[in-house]
Every structure is written in structure tokens, then in C-alpha cells.
Amino acid sequence: MDTKRLIIVAVGGQGNLLASRVLGEAALLANVPVRMSEIHGMAQRGGVVESAIVFGDAESTIISDGEADVLVGFEPSETLRALNKCNGKTVVITNLAPAPPFTVAIGKGVYPDLNQAQELIQAKTSKLIAFDATARAKEAGNVLSLNMALVGALTQTGILPVSEGNVKEIIRTKTKHAFVDTNIKAFELGFSAAVDA
Amino acid sequence: MHKLLTENPGEKMILLGNEAIARGAIEAGVAFGTTYPGTPSSEISLNLFQMSQETDLYFEYSTNEKVALEVASGAAVSGVRTMCVMKHVGLNVAADPLMTLAYVGVKGGFVVLTADDPFMFSSQNEQDNRYYGKLSGLPILEPSSVQEAKEMVPYAFDLSETLGEPVILRTTTRINHSTGIVTLGEIRPRVTKGDFVKDPFTYVCVPAVSRKLHAKLLENIEKATAISESSAYNFTKGGGLWGVICNGVSYNYVADAVKELNIEDKVSILRVGFSHPMPEKRIKSFLKGCEKVLVVEEGEPYMEEAVKAFAQEEGLTLPINGKGKDVLPRLYEFNPAQIRECMGKYFEVPHTPAAVVDTSDVPEIPQRPPNLCAGCSHRATYYAVKKAVQEEGLDAMYPSDIGCYTLGFLPPLAMADFVICMGSSVSSSCGFSKVTDKKVIGFIGDSTFFHSGITGLVDAVFNNHNLTLVILDNGITAMTGHQPNPGVDMANFNLSGYGRISIEELVKALGVRHVTVIKPYKLKKSIEAIKEAVKYQGVSVIISQEMCTLYAKSLKLLKPRAFKVSDKCKNHRDCLNELACPAFFLEGEKVSIDPVSCVGCAVCAQVCPENAIVPLKSEK
């Protein structure tokens with residue numbers, strides 16, 4: 001089976017680990033070998049959370065620079081920061097709603113211009129799908145569902161060996177009962193955002 | 001029911017490495033467990049602790065790793081299957097009992113789990129704990145995958161009982177925090193009661209006894225070597241003339257590289273999963289079948305040195321390399337592309353490096369370092385100490401310790417000057433205060449104080465050092481994910497039957513004459529109290545009490561009470577520049593407060609010279 005490598009970057013609290021878990025469970029449901037790796041610890045204290053998910057026949061659980069088939073960024077400046085994980089064939093999906101790091105507020109850095117960021121990513125990779133996933137999540141009923149909006153967009157690309165049906169089934173059975181409806185709604189809104197992108 | 005207690009052999013589950021290890025312990029019939037939490041090992045303990053509340057498994061959060069290992073030794077010597085869990089540097093703390101328990105041995109299986117952290121994702125060093133195998137003489141097992149991590153635990157228990165001695169299971173972060181599909185096995189029934197049979201000439205390590213026991217340990221190493229030779233965890237794959245000897249996660253990168261370089265018919269891999277004692281005969285015969293060998297191991301050249309010694313004994317002169325110049329580094333963790341490139345170069349195979357996009361024209365992206373949380377009481381304490389020191393005109397230095405509060409070393413707080421290990425804040429303060437003219441103010445968290453700060457404070461009192469120790473008591477072991485410690489009210493965990501130690505009473509009982517308790521959110525009072533404490537000649541202790549905001553949130557103890565910056569703001573920016581709470585952000589040139597992050601600690605409201613920071617909703 002072909003190997004597909006996915007990197008997800010997010011800010012602590014954006015639900016990256018749940019998104020990874022949903023994709024992992026969907027792979028298990030589809031009988032696709034899957035391995036993931038994530039860095040815990042300091043993330044709850046406002047740092048960057050990076051997950052690597054390797055689908056298909058491979059032993060490694062981490063992904064080297066330049067080797068991601070897909071990069072999903074839950075925050076635009078983090079997507080840009082993770083560009084070193086990409087090569088010319090990588091598909092990039094990013095949320096466009098910024099969550100500026102604190103260093104910007106204390107004058108220790110300038111938040112990148114979103115148009116320039118998109119142009120740069122577009123020029124260097126094979127495809128960029130960019131939309132305001134935070135707005136879609138709010139539309140679905142809960143800003144915390146932004147992870148599911150991005151999982152929806154990712155599923156729409158068809159790059160990963162997991163189907164829309166599998167992912168939705170996992171959202172229904174493995175995410176918190178009270179959030180299932182908003183999660184499914186956010187997934188669908190993200191899915192259609194990727195169609196339009 | 002806890003998912004790791006599922007009785008359904010053959011079922012497949014997606015598990016975190018640490019969950020898989022906890023499951024492995026359950027399958028092995030572990031009946032007694034101890035720990036001191038530490039990343040990347042913490043979730044093993046968390047899961048065992050949770051399961052202990054539903055079953056007859058005993059699991060405790062011990063005061064520190066030395067205590068954890070000693071508590072565990074009592075159970076293991078009495079014949080009960082026991083596990084002791086810690087991070088790599090924890091084994092330094094527990095090294096004293098470990099070294100002699102290796103002489104004495106155990107009756108029930110005893111597995112010591114130590115989690116190394118190559119690249120230091122959340123640690124102060126990246127020491128390679130395989131050397132503890134050599135140092136203690138005990139067996140070391142190292143898994144390469146999540147599934148194997150689970151399988152190795154019951155194997156480790158059996159091995160421990162076969163040899164009658166503890167077994168060290170050594171993981172690295174990329175095992176602990178990787179997730180994979182795991183097939184569940186049978187759960188062996190727990191045996192929770194044992195018996196201690198008196199035998200002072202085995203158990204009382206006076207010199208005459210230990211001389212005999214050391215000889216027994218050496219005999220045991222011979223037995224362990226024989227088991228290592230035939231262990232299924234030391235296996236070979238492929239049959240080519242190019243040899244690769246590897247362990248742990250490096251094996252995964254090697255296996256993927258061999259496939260991607262298309263050299264499956266040219267390479268033989270020897271995966272070493274039982275790495276102390278090394279399988280000498282197996283390695284020697286492997287070397288004889290190779291014309292060139294590469295040793296792929298993160299960390300130190302632990303295997304490489306052994307392999308080279310074996311080659312020398314056999315008079316073999318084939319090239320063997322690993323940590324040589326321009327081959328592989330002793331620093332940090334490996335990654336798949338690095339190993340592929342290294343193998344391509346070493347075995348002279350054409351290979352194309354990963355085509356990483358050129359990021360030279362990407363503008364510099366602002367850093368996102370971890371930060372003290374919005375409303376964290378440590379920020380308030382740091383601010384208060386800083387102000388008190390300024391107002392007293394003191395030239396101060398701040399030895400600090402291991403915990404969330406270490407994050408206060410970043411500007412603008414910049415309140416940590418020296419950090420090496422758990423407990424060092426107070427003891428190093430003793431030394432600093434003796435040889436410098438600075439006012440020395442140490443910082444230590446509640447859990448770290450219990451772990452290894454108490455003895456340092458005893459030293460300070462006994463030797464009459466001149467220092468102030470600030471104990472940051474947020475009522476929980478926060479950094480590793482809110483574990484209990486001896487000062488915690490266990491009612492917060494819905495658990496009863498625990499004792500609780502008052503830090504204030506303890507510190508007074510140690511003979512500290514100047515003890516002050518402050519509530520750090522009350523800035524003015526805190527600053528005044530700190531001024532008194534730092535002026536005191538001798539040992540003074542300030543206990544700063546305020547529950548960790550994240551923990552308070554999880555207990556639903558926080559009432560939402562966000563603040564806002566009102567029109568009175570004249571943009572002094574003291575709030576931003578001196579406190580730097582992450583709830584602040586700039587809206588144009590004006591400071592604003594994110595009402596979602598703000599927990600209403602009101603510290604910024606007390607700092608603002610214009611009293612411009614006010615509750616978002618006026619209070620009724």
C-alpha cells in the first residue's frame with residue numbers, strides 16, 4: 001500500500017490531537033495501517049503542537065523535512081512555519097483565522113501578511129486550500145469544532161486512504177456525544193469549503 | 001470501565017505508546033505500582049492510577065523516584081508483580097536503591113520503566129539510560145513500536161522472575177508519544193498479596209553479605225546473556241553483506257530506508273531489543289557475515305562500543321561505524337530522511353535527498369514559545385518578588401527549579417537564573433549565598449519541594465545560610481498534567497483515605513524562623529510581606545498559595561470574570577511590558593484583553609497606574 005504522510009500543526013488548545021485521533025481511528029476502521037506521533041508536554045502552555053500521521057506501509061512514526069504529502073495548519077502563521085515539511089508536490093490546507101502568538105503583542109515579532117503567506121505557499125507547493133475554518137466552526141455552532149472543519153477539508157481532497165463515510169462514523173462514535181452534531185456540521189462545512197477552494 | 005481493562009484478546013485498539021505500556025502491565029498481572037510523574041512517561045502512570053480506582057491494583061504517586069523505587073522494592077521482594085515508572089532523569093534520583101536492589105534481587109517480577117527524551121522535548125538533558133544497564137548489571141529491554149512496547153512488558157515481568165532481579169524497560173519519547181494499532185492480549189489475574197520470608201544474609205546489605213551478592217549478580221549477568229542470545233527481541237532481517245545494527249525507533253527508520261533505497265537484498269539488519277547484556281555470540285556471528293557495518297542508535301555509542309569490542313575479540317577488521325565523524329550525531333533524535341541519507345552515503349548507494357521547499361524568502365515568523373498561562377499565579381508571585389526586590393534596592397539572583405514556573409525565565413519576567421535538576425533551587429541557593437554578595441531568592445514548586453527540596457532546606461537551616469525560598473504552592477503537580485502530591489487535597493480527585501501535609505507546618509517544624517504565607521493575587525499585601533522576608537538575615541520562606549488556574553478550571557472552580565481595558569487607558573503598557581499575560585493582545589496600538597483567555601485574576605488591574613483595567617461586566 002502507498003504511504004501517505006500527513007503533518008498537522010496547531011496551537012495548543014485547537015484540538016489537533018483529537019483530529020489526529022479521529023483520522024487514526026478512521027484508518028483502523030478502513031483496515032489501513034497507521035502510525036502517529038505527537039509532542040505533548042509544553043503544548044498546554046500555549047506552544048505549537050505538531051502531529052505526524054503516516055498511513056500505509058511504513059515503520060516510522062515521524063516525518064522528515066520535505067516529506068509531507070499533506071500539511072494541515074490550524075493557524076496560518078503555523079502553516080507557514082511548517083513549510084519546511086513540504087516539497088513541490090505537497091498539498092497544503094490552512095485555516096485563515098490568525099491566532100497571533102504572544103510575542104507579537106510584546107513587540108518581539110511581526111505577524112505575517114496573510115496574502116503574502118498564501119502566495120508563498122501556493123508558489124512552493126502543488127496546491128493550497130485556504131479558508132476560514134474558525135468561521136465555519138462558529139457557523140456549525142462551536143468554535144472548538146474548527147479541527148473537524150479542517151478534517152472535512154482534508155477528507156475532501158481524497159489524498160488519504162480514508163473515506164468520508166469512515167471519518168464521519170468515527171466522529172459520531174468517538175467524539176464527545178454532546179458535540180457530535182456540531183462536529184459533523186463543521187466537517188461538512190469544511191468539506192464543501194475544500195470543494196470551492 | 002477503563003478501556004485498557006477490556007477483556008477481549010485479539011481486539012485491535014488505537015493506543016498511545018504510554019497506554020500500550022499500561023495495558024502491557026495489566027496483561028502481565030501487575031498488582032503494585034509506583035511513580036513520580038515526568039514527561040514523556042506520565043500517561044503510563046495516569047492510566048495505571050485510573051485503573052487502580054476500579055480494580056485491586058495498588059498504584060501510588062510517590063514523593064520522588066527514589067521513594068517510588070524503594071516502596072516498589074518492598075512489594076517486589078514480597079513476591080508481588082510490581083512496576084515503577086519514571087522519566088530518564090528520575091532514574092538518577094532512584095539510582096541509589098536500584099544499584100543495590102540489583103544485588104539483592106526480587107521475588108515477584110519487577111519492571112522499572114525509564115523514559116528517555118532525545119532532543120529534550122521536555123527535559124533538562126538527554127542522557128542515555130542504557131548505561132544504567134551496564135552500571136547496575138540489570139537487563140535492559142527497548143521496544144521499537146507501540147505494539148512491541150505492550151508485548152515487552154509481560155516479557156519483562158517473566159524475565160525478571162526468571163532471573164530474580166529487576167528489569168529495566170527503556171523507552172524514548174517517540175515510543176511513549178507515538179500512537180499505533182495494538183492487538184490486545186489475555187489479562188493475567190493479579191496476585192495482590194505476597195509474603196516476606198526473612199533471610200538477612202540475602203536482604204541485609206552489610207559488606208559481608210554484599211560481597212557474596214555481587215558475585216551472584218555477575219553470575220546472573222551470564223544467565224541474562226544466554227537469554228539475550230536467544231531472545232526473539234534480538235532478531236535479524238535480510239541477508240545482504242551490508243550490516244546495520246540498530247535499536248528502538250532507529251530500527252523503523254532503517255527498515256523504511258532499506259525499502260526506499262531499494263537495497264533489501266543487500267542489507268542485513270540486526271535489531272537489538274534486549275540491549276543489556278548484549279547478545280555477544282549473535283553479534284559476533286552477524287559481523288562475520290558482513291563486509292561493512294553501520295550502527296544506528298540515538299544517543300551515545302552504547303552498542304557501537306560493544307560491537308567494536310566483539311569484533312576485536314574475533315580479530316575482525318571490517319569497517320564498523322556509527323557515531324564517527326560525518327556519520328551519525330550523538331545529539332538529539334534521528335529522523336527517517338537522515339537515516340536514509342546516512343545509509344546511502346555509508347553504503348555508497350545513489351539516493352536523492354528530500355526536496356524540501358526553499359523557505360529562504362519566507363518572512364521571519366514570530367516565535368510561539370510556551371508561556372505561563374493566562375492568570376497563572378506564578379506570574380503574580382514573580383511580579384511581586386521583583387517589585388519587593390526593586391523597592392528594597394537589592395541586587396538579587398534567582399535559582400529556580402523544575403516545573404511550569406521555570407517558564408518564568410523568559411522576559412519580561414526573567415525570574416530564573418540557575419536551574420539544573422529537581423530540588424536544586426534551595427540547595428544551590430545555599431552555595432550562591434555563601435560566595436556571592438547577592439541576595440539569593442530561590443523558587444520551587446510544591447511537588448518539587450516534597451520531591452527533593454526538603455533536604456536542601458534542612459541544610460539551609462542547619463548551616464544557617466542567608467537566603468529566601470519562595471515555595472510556589474499551586475496545590476497540584478501541574479507541568480506533567482495535574483498529578484497528586486503530598487500537599488494535595490485528594491478530595492479534589494474524589495478520593496478519600498489519604499493524608500495531607502501542610503507545607504507551612506513542615507517548614508516551621510524544620511526550624512525556619514521566618515515563614516510567611518501570601519496570596520499572590522493580592523499584590524500589595526504580597527509585596528509588603530516579601531519585603532519583610534527578604535530583609536530577614538538567615539533562612540526565610542514565603543509560601544505563595546493559589547491553585548493552578550488550569551487545574552481550577554478543570555475542577556470547575558473558576559467563575560468566569562473576565563476583565564477589559566477601559567477608556568481610561570493611557571497606554572503606559574505596564575500590564576503588557578511587566579506582566580506579559582497571554583490574555584493581552586494589541587488592537588492597533590491599544591492593549592486589549594481576550595475575554596476567553598482571561599480568568600479574572602485581576603493582577604493586571606492592580607498593576608495599571610490609571611486603574612484602567614476593570615471587570616468586563618460590572619459586578620452586582
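Below you will find a few notes about this structure. (Residues numbered from 1 in each chain as written. Chains lettered and ligands numbered in written order. Predicted model: local features only at pLDDT ≥ 70, side-chain atom pairs only at ≥ 80, totals over all residues. Heavy atoms only, no water.)

### Side note on the overall build of chain A
Okay, so step 1: What chain A contains, in helices and strands, is eight helices and six strands.
Okay, so step 2: Mapped in sequence order, the helices and strands of chain A form the string β-α-β-β-β-α-β-α-α-β-α-α-α-α.
Okay, so step 3: Taken over C-alpha atoms, the radius of gyration comes to 16 Å for chain A, in line with the 16 Å a tight globule of 197 residues would show.
Okay, so step 4: When its C-alpha atoms are laid out on the principal axes, chain A stretches across 50 × 35 × 35 Å.
Okay, so step 5: Here chain A holds 197 residues, and the buried ones make up 59% of them.
Okay, so step 6: A separation of at least 24 residues holds for 64% of the contacts in chain A among residues at least 6 apart in sequence. (Helix = DSSP H or I, 4+ residues; strand = E, 2+ residues; numbered from the N terminus. Rg over C-alpha atoms; globule rule 2.2 N^0.38 Å. Buried < 20%, exposed > 50% of the residue type's maximum accessible area, 1.4 Å probe, protein only. Contact = heavy atoms within 4.5 Å.)

### Regarding helix α14 (residues 336-346) of chain B
Residues and elements named next belong to chain B.
Okay, so step 1: With eight of 11 residues buried, α14 lies mostly within the body of the structure.
Okay, so step 2: Those residues of α14 lying buried are Pro 336, Ala 337, Ile 339, Arg 340, Cys 342, Met 343, Gly 344 and Tyr 346.
Okay, so step 3: You can read the cap of α14 off the contacts: a side-chain oxygen lies 3.2 Å from the backbone nitrogen of Ala 337, and it is on Asn 335. (Polar contact = N/O pair within 3.5 Å; in protein donor to acceptor, adjacent residues only side chain to side chain.)

### Let's talk about the interface of chain A and chain B
Okay, so step 1: Residue-level contacts link 56 residues of chain A with 57 residues of chain B.
Okay, so step 2: Glu260(B) is the salt-bridge partner of Arg5(A), the closest N and O atoms lying 3.2 Å from each other.
Okay, so step 3: Viewed at the interface, chain B and chain A are joined by 22 residue pairs in polar contact (both at pLDDT 80 or more).
Okay, so step 4: At the level of elements, β1 (4-11), α1 (16-29), β2 (34-38), α2 (76-81), α3 (102-105) and α4 (114-124) of chain A are the ones that each hand at least two residues to the side of chain A that touches chain B.
Okay, so step 5: A per-element tally of the side of chain A that touches chain B places β2(A) first, with five residues.
Okay, so step 6: A class-by-class count of the residues in the side of chain A that touches chain B yields 24 nonpolar, 18 polar and 14 charged.
Okay, so step 7: Pairing of β2(A) with strand β8 (residues 178-183) of chain B, which is carried by three bridges, proceeds in the antiparallel orientation. (Salt bridge = Lys/Arg side-chain N within 4 Å of Asp/Glu carboxyl O. Nonpolar A, V, L, I, M, F, W, Y, C, P; charged D, E, K, R; others polar. Pairing = 2+ DSSP bridges.)

### Regarding the sheet that holds strand β18 (residues 514-518) of chain B
Residue and element names in this part refer to chain B.
Okay, so step 1: Strand order in the open sheet made by the five strands is β15-β16-β17-β19-β18, with parallel pairing throughout. Strand pairing shows two members of the sheet lacking a second neighbour, β15 (396-397) and β18, which therefore form its edges.
Okay, so step 2: Alignment of β15 against strand β16 (residues 439-445), held across two bridges, turns out to be parallel. Among the inter-strand pairings, Met 397 is bridged to a residue of β16, identified as Val 440.

### What to know about helix α19 (residues 523-535) of chain B
Each α-helix turn comprises 3.6 residues. Residues three or four places apart therefore point the same way.
Okay, so step 1: Look at α19(B): 18 Å from first C-alpha to last across 13 residues, which is about the 18 Å you get at 1.5 Å a residue.
Okay, so step 2: For α19(B), the elements touching its buried residues are α15 (377-392), β16, β17 (467-473), β18, β19 (539-545) and α22 (603-607) of chain B. (Expected span 1.5 Å × (residues − 1).)

### Some thoughts on empty space enclosed by the protein
If you roll a probe as big as a water molecule over the atoms, it shows you where there is empty space left.
All names here are of chain B.
Okay, so step 1: In the structure shown here, the tally under the stated rule is eight cavities of 30 Å³ or more.
Okay, so step 2: One number sums up the size of the largest cavity: a volume of about 150 Å³.
Okay, so step 3: Along the wall of the largest cavity there are 18 residues; nearest its centre are Gly 375, Cys 581, Cys 601, Val 603 and Cys 604.
Okay, so step 4: Residue classes in the lining of the largest cavity are distributed as 15 nonpolar, two polar and one charged.
Okay, so step 5: Each pocket or cavity is described by its volume, and for the second largest cavity that value is around 110 Å³.
Okay, so step 6: Along the wall of the second largest cavity there are 13 residues; nearest its centre are Cys 569, His 572, Arg 573, Cys 575 and Cys 608. (1 Å grid on protein atoms, 1.4 Å probe; cavity = no way out; pocket = protein on both sides within 12 Å on 5 of 7 lines; lining within 4 Å. Points joined across faces, edges and corners; volume = space filled by probe spheres on them.)

### So, the packing of helix α1 (residues 17-27) of chain B against helix α2 (residues 42-52) of chain B
Residues and elements named next belong to chain B.
Okay, so step 1: The interhelical angle for the contact between α1 and α2, taken along N-to-C directions, is 45 degrees, at an axis separation of 8 Å. Between α1 and α2, the angle falls in the class oblique. Both α1 and α2 take part in a crossing whose hand is right-handed. Facing Asn 18, Glu 19, Ile 21, Ala 22, Ala 25 and Ile 26 of α1, the residues of α2 in contact are Ser 42, Glu 43, Ile 44, Asn 47, Leu 48 and Met 51.
Okay, so step 2: Partitioned by chemical class, the residues of the contact of α1 with α2 number seven nonpolar, three polar and two charged. (Axes fitted to C-alpha atoms, helices over the stretch in contact; angles between N-to-C directions. Parallel < 35°, antiparallel > 145°, perpendicular 65-115°, else oblique. Left-handed = near helix turned anticlockwise from the far one by under 90°.)

### Some details on the nonpolar core
Okay, so step 1: Met83(B) and Met343(B) are the most contacted members of the largest nonpolar core, which has 148 residues in total.
Okay, so step 2: Counting residues per element, this core draws most heavily on helix α7 (residues 146-163) of chain B, which supplies eight residues.
Okay, so step 3: Setting aside chain neighbours within four positions, we find Met83(B) in contact with Ile21(B), Ala25(B), Val30(B), Phe32(B), Gly33(B), Thr34(B), Phe110(B), Val111(B), Leu113(B), Val153(B) and Phe157(B).
Okay, so step 4: Judged by nonpolar contacts, the second largest core, of 44 residues, contains Ile8(A), Met36(A), Ile129(A) and Phe187(A). (Core = buried A, V, L, I, M, F, W, Y, C linked by side-chain atoms within 4.5 Å.)

### Re the packing of helix α12 (residues 280-288) of chain B against helix α13 (residues 302-313) of chain B
Residue and element names in this part refer to chain B.
Okay, so step 1: Contact geometry of α12 with α13 gives a least axis separation of 10 Å together with a crossing angle of 70 degrees. In terms of orientation, α12 lies roughly perpendicular with respect to α13. Packed against α12, whose contacting residues are Glu 280, Ile 283, Lys 284 and Leu 287, the element α13 presents Val 307, Phe 310, Ala 311 and Glu 313 at the interface.
Okay, so step 2: Among the residues forming the contact of α12 with α13, the class breakdown is five nonpolar, no polar and three charged.

### Brief notes about the sheet that holds strand β11 (residues 267-272) of chain B
Residue and element names in this part refer to chain B.
Okay, so step 1: One open sheet accounts for five strands, arranged β9-β11-β10-β13-β14; its pairing is mixed. The two strands at the open ends of the sheet, each matched to only one other strand, are β9 (234-237) and β14 (320-321).
Okay, so step 2: Direction of pairing for β9 relative to β11: antiparallel, over a ladder of four bridges. Each residue of the ladder has a partner; that of Phe 235, found in β11, is Arg 271.

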